[in-house]
Amino acid sequence: MPIERYNAAEAESRWQKVWDERGIFATPNTNLSKKYYVLEMFPYPSGRIHMGHVRNYAMGDVVARFKRATGHSVLHPMGWDAFGMPAENAAMERKVHPKAWTYQNIAAMKAQLKSMGLSLDWSRELATCDPSYYKHQQKMFLDFLRVGLVERKQSKVNWDPVDQTVLANEQVIDGRGWRSGAPVEQRELTQWFFAITKFAQPLLAALETLDRWPEKVRLMQKNWIGRSEGLLVRFALDPKTTPDGESELEIFTTRPDTLFGAKFMALSPDHPLAQAAAKKNPALAEFIAECKRHGTAQEIIDKAEKLGFDTGIKAVHPFDPSWTLPVYVANFILMDYGTGAIFGCPAHDQRDLDFVNKYGLGVTPVVCPPEQAPRSFVITNTAYEGDGRMINSRFLDGMTPAQAREDVARRLENEKRGDRPVAQRQVNYRLRDWGISRQRYWGCPIPVIHCAACGVVPVLEKDLPVTLPEDVTFDRPGNPLDHHPTWKNVSCPQCGGPGRRETDTMDTFVDSSWYFVRFTDPKNAAEPDDPKIADAWMPVDQYIGGIEHAILHLLYSRFFTRAMKQTGHVGIDEPFAGLFTQGMVVHETYSRQNGDWVSPAEVTIELEGETRRARLSTTNEPIVIGPIEKMSKSKRNTVDPDEIISAYGADVARWFMLSDSPPDRDVEWTERGVQGAARFVQRLWRLVGEAGEIGHGAPAARPAQFSPPALALRKATHKALANVGDAVEKLHFNVCVAHIYEFANTLNEVIGDADSEDGSVATDFTWAMREAADVLVQLFAPMMPHLAEECWATLGHDTLVAQAPWPAVERNLLIEDTITLPVQVNGRKRAEVIVPRDAANAQIEAAVLALDAVQKALDGKSPKKVIVVPQRIVNVVA
RNA sequence: GCCCGUGUGGCGGAAUGGCAGACGCAAUCGACUCAAAAUCGAUCGCCGCAAGGCAUGGGGGUUCGACUCCCUCCACGGGCACCA
């Protein structure tokens, strides 16, 4: 009987409806002893999903469905990272309200996601722009404020001149705003900060415990936090050369061992001593002003030449009162790292070397590389930053730099000036506090009120949430909240006098720093916001998303979770136990002769011998095939998931996304690959149909005995089951796909053999065939759930495969009675030998040496040694 | 500049220190067809008629045995970048 083609379009919407009606993916907050929380990074509602989303959510869905089948209570929710600039841009460009624009986009994208057949619990859907979401965020802000994790301080900030808002350090990439791409300027503003630096050490230390995170991400965070251990050293200043009120200069160094190589001191232009000295020195004041002028744009700082100005002040060397060092103001010293002052040792620091070479201050090497004679060791243009032995350093001579560092630290710690030690050990971090104030409308309002009498006053908890006004205008630059005629005018909660509402909103990265906790609380919970429920679900067992969030989102979320713990919102430290960073979806680029990009949909590819040629489908104009790049609107090399799904079905899109490349690498979207996936869908459909027919009459009870062909089939079935299960656990979806292909090929051969035998089929074989068909369907069900349901139904099941438990692997079927061992002679394969599984090594050795091929390879020589690796290989050494 | 990762057929890639190239894509030949598509069968790392040899970026090392471990060089990709 011919089998009809599988109609994806019809079947997919039908099964989606069944899943929906039966509510099988809704997760109750009960029975959490075996819980599994799988989460994909939630999308920004830009309006349409792209192939990156398809890849991300396909992976998460495989994990969710697999874990559900293996008996876990699975939480797999979806929501919307809904605040942000694009909504305001749309408002400015198209006169749509950001809220309307956002919710339209959410509706459109939700429909797209639904068409993918994802096993999501939509009852927990959330949008961060919803007051019922951000009221919790405002509450947490106030809790953080109370315990000192939120601070208000004046500081130099990164100002994005295009978006007219402040950016966090993490949001400045190559000196440009992460969103606008405009060169970032430095401005001095009073801003709200999350005190992420208070957790610098725990955030760093806990990276060691995140053993299910990619090494790369942990390293990136480690470098970003940037811990360095060093010494704070107080240098006395020569009073004759020093402005009134100043008597010493404190510096931070990680290389106290090089103290005898010091040639100068350098101050940041913002350093108080520099400012004090500038008051009496107009030339110095001008130099500092010049530094600041140059310092407005990050790009200029990056390229600036090292410049210094001698203040005339002299600092006294801590080990020699007669040795003084000139104090410079230098443009490359940062005020907000260490103390904003350094001592310069040119021999062993490239920047310092460049500086002394410019100003002629001399070089004395103090660390001599191994196997180099101290007398002949000279530094000219390249500083030596390696290890060795101390030279020219008095009592340190002969020590290693590590020993010298310890010796210097101990001596200066024990020496007092005034009532304090001259030096103390200090740990410094590169990490800066997280500035969250944004001068924008479409974000979470910061719930404080400014009062002339009382200062900054928190909004009362009963007045939360502070909601955004809807009647705002976007017809001029700046913050629409600030322009609003009445919104900011409120009375002070403390004194009742006139107050002004804070008009800054929070960085949208705050919204995404805790959404994973919010999902644990279903809307209809008896006790909303019960920390016990959050703790029962948290941490996220498997988090999946792009590597681009390695620092920003993932570090903020780690901080936020700790802050939530400190304020009693959760009981855990780390939000994501397992993290997987998937690769990008890439595609060939196409362009016309004049350089205009052309989308793949407009191009026809032809093969001319070995070379592929592209033409514009409409006019036959020749098209240049460009490099394979990340799908982007600007290069127009995108493929619309909607079009793929309507042409081939969601299962095909999902399958191809999972099949071609390892999930952490980039995958190239190709038409050929999609067609291959589509062919395989039809092949599986036919194969399951045929296997189902053979297995149709099988007895319900499992036969006591299996004939050799039936046993062989069962072995293949259980091997596939074990292999696919292992591969899914490791998220090796491409390997998983390969094993499914392999099993499908085997099953196809077995069916072919059974057909050719023509006649009645033994019942044990029909039973094994039915088992094989069931298992095959279950194996691909997490990846192609619609096809799987359709196949499952044709196999006569009245249950849903989405709810079927994962079959148990019968381990005894994986063990072979006889094994084929490869035989090597001197490491080169010469033969194979078939031996019983439990054969003794001596027995195997004898069998191997009797082989003709082995004797021939030995060529009359007698073997020196025979290495038998049980179950693996035999190697004869001659 | 510093740190990290990657390198395997025409392509994507597989391989607890144990048969390199599973599986897929592409290609070639054949069957079916009036023809095409679909489907099915065969071939498919390189050299060689073959026997055999050579092959996991290059070179060296450890090992009975190395894609896998170590050293070194090269290429590509990524992160950080006046952080003292």
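Each chain has its residues counted from 1, running along the sequence as written. To label them, take the chains in the order written and letter them from A, then take the ligands in the order written and number them from 1. Confidence filtering applies because this is a predicted model: local features only for residues at pLDDT of at least 70, side-chain atom pairs given and counted only at 80 or more, and all residues used for totals across whole chains, interfaces and linings. Excluding hydrogens and water, the side-chain figures rest on all heavy atoms present in the structure.

A. Layout of the pairing of strand S37 (residues 828-836). A pair of strands is treated as paired once DSSP finds two or more bridges between them. Secondary structure elements follow DSSP: runs of H or I of four or more residues count as helices, runs of E of two or more count as strands, with numbering from the N terminus. Sheet topology note: the strand S36 (residues 818-825)/S37 ladder contains eight bridges and is antiparallel. Following the sheet pairing, Val-825 is matched in S37 by Arg-828.

B. Just the confidence of the model for chain A, in detail. Taken over all residues, the pLDDT of chain A has a mean of 90, while the share at 70 or more is 96%. In the predicted structure, residues 296-301 sits below a pLDDT of 50 and forms twelve contacts with residues beyond four places in sequence or in another chain. Interface confidence in the predicted complex, given as ipTM, is 0.95; pTM for the same model is 0.92. Each residue carries a pLDDT value, the predictor's own confidence for that position, ranging from 0 to 100. In what follows, a contact means two residues having at least one pair of non-hydrogen atoms within 4.5 Å.

C. View of the sheet that holds strand S25 (residues 489-491). Pairing is antiparallel in the open sheet, where four strands are placed in the order S24-S23-S26-S25. Strand pairing shows two members of the sheet lacking a second neighbour, strand S24 (455-458) and S25, which therefore form its edges. Within the sheet, the average angular offset between the axes of one strand and its neighbour, ignoring direction, is 40 degrees. Taken together, the three bridges between S25 and strand S26 (residues 498-501) define a ladder with antiparallel strand orientation. If you follow Ser-491 over to S26, its bridge partner there is Pro-498. Only the stretch in contact is used when fitting a helix axis, every axis being a line fitted to C-alpha atoms; angles between N-to-C directions are given from 0 to 180 degrees.

D. Region of interest: the nonpolar core. Phe-141, Phe-194, Trp-434, Phe-560, Trp-669, Phe-780 and Met-783 are the most contacted members of the largest nonpolar core, which has 186 residues in total. What Phe-780 contacts, discounting residues up to four positions off in sequence, is Trp-655, Leu-684, Ile-740, Leu-787, Ala-788 and Cys-791. Nine residue types can take part in a nonpolar core, namely buried Ala, Val, Leu, Ile, Met, Phe, Trp, Tyr and Cys, and a core is a set of them joined through side-chain atoms within 4.5 Å. Burial status follows relative accessibility: with a 1.4 Å probe on protein chains alone, a residue under 20% of its type maximum counts as buried, one over 50% as exposed, and anything between as partly exposed.

E. Fine view of the packing of aromatic side chains. The pairing test for Phe, Tyr and Trp rings, Trp by its six-membered ring, is centres within 6.5 Å, and the orientation test on the planes gives stacked under 30 degrees, edge-to-face over 60, and tilted for anything in between. For the structure shown, the criterion picks out 44 aromatic pairs. Between Phe-260 and Trp-323, the ring centres sit 6.3 Å apart and the planes meet at 35 degrees, which makes this aromatic pair tilted. Of this pair, Phe-260 sits in the loop between strand S11 (248-253) and strand S12 (264-267) while Trp-323 is found in strand S14 (residues 320-330), placing the two residues 63 residues apart along the sequence. Here Phe-260 falls in the buried class, since its relative accessible area comes to 3%. The interplanar angle of 65 degrees and the centroid separation of 5.6 Å between the aromatic rings of Phe-332 and Phe-355 together place this pair among those described as edge-to-face.

F. View of the protein's contact with RNA strand B. Close to RNA strand B lie 46 residues; Thr-254, Arg-351, Asp-660, Lys-829 and Arg-872 are nearest. Across the atoms of RNA strand B situated within 4 Å of the protein, the share located in sugar and phosphate is 61%. Distance and chemistry together define a polar contact, namely a pair of N or O atoms within 3.5 Å, with one atom able to donate a hydrogen and the other to accept it when in protein, and with adjacent residues in sequence counting only for side-chain atoms on both sides. Between Lys-216 and RNA strand B, the recorded distance is 3.3 Å, taken from a side-chain N or O atom to a sugar or linking oxygen. A distance of 3.5 Å separates a phosphate oxygen of RNA strand B from a polar side-chain atom of Arg-830. Residue contributions to the surface near RNA strand B peak at five residues, all from helix H22 (residues 733-757). Following the grouping adopted for this structure description, the nonpolar residues are Ala, Val, Leu, Ile, Met, Phe, Trp, Tyr, Cys and Pro, the charged ones are Asp, Glu, Lys and Arg, and the polar ones are all others, Gly among them. Considered class by class, the residues forming the surface near RNA strand B number 20 nonpolar, eight polar and 18 charged. Whether a residue is near a molecule or strand depends on its heavy atoms: it is near if one of them lies within 4 Å of it.

G. Broad picture of the sheet that holds strand S6 (residues 165-167). Pairing in this open sheet of four strands is antiparallel, and the strands run S6-S5-S9-S21 from one edge to the other. Of all strands in the sheet, those bounded by a partner on one side alone are S6 and strand S21 (434-435). As defined by bridge partners, strand S5 (residues 150-160) adjoins strand S9 (residues 185-194) across ten bridges and the pair is classed as antiparallel. Within the sheet, the bridge partner assigned to Lys-153 lies in S9 and is Gln-191. Across the face of the sheet, helix H5 (residues 131-146) comes into contact with S5 and S9 while running at roughly 90 degrees to S9.

H. Focus on unusual backbone geometry. The omega torsion of the bond from Leu-464 to Pro-465 falls at -5 degrees, within 30 degrees of zero and hence cis. Within the secondary structure, Pro-465 sits in the loop between S24 and helix H13 (480-483). Residue Arg-394 is not a glycine yet carries a positive backbone phi of 50 degrees. One non-glycine residue, Asn-620, lies in the positive phi region at around 65 degrees.

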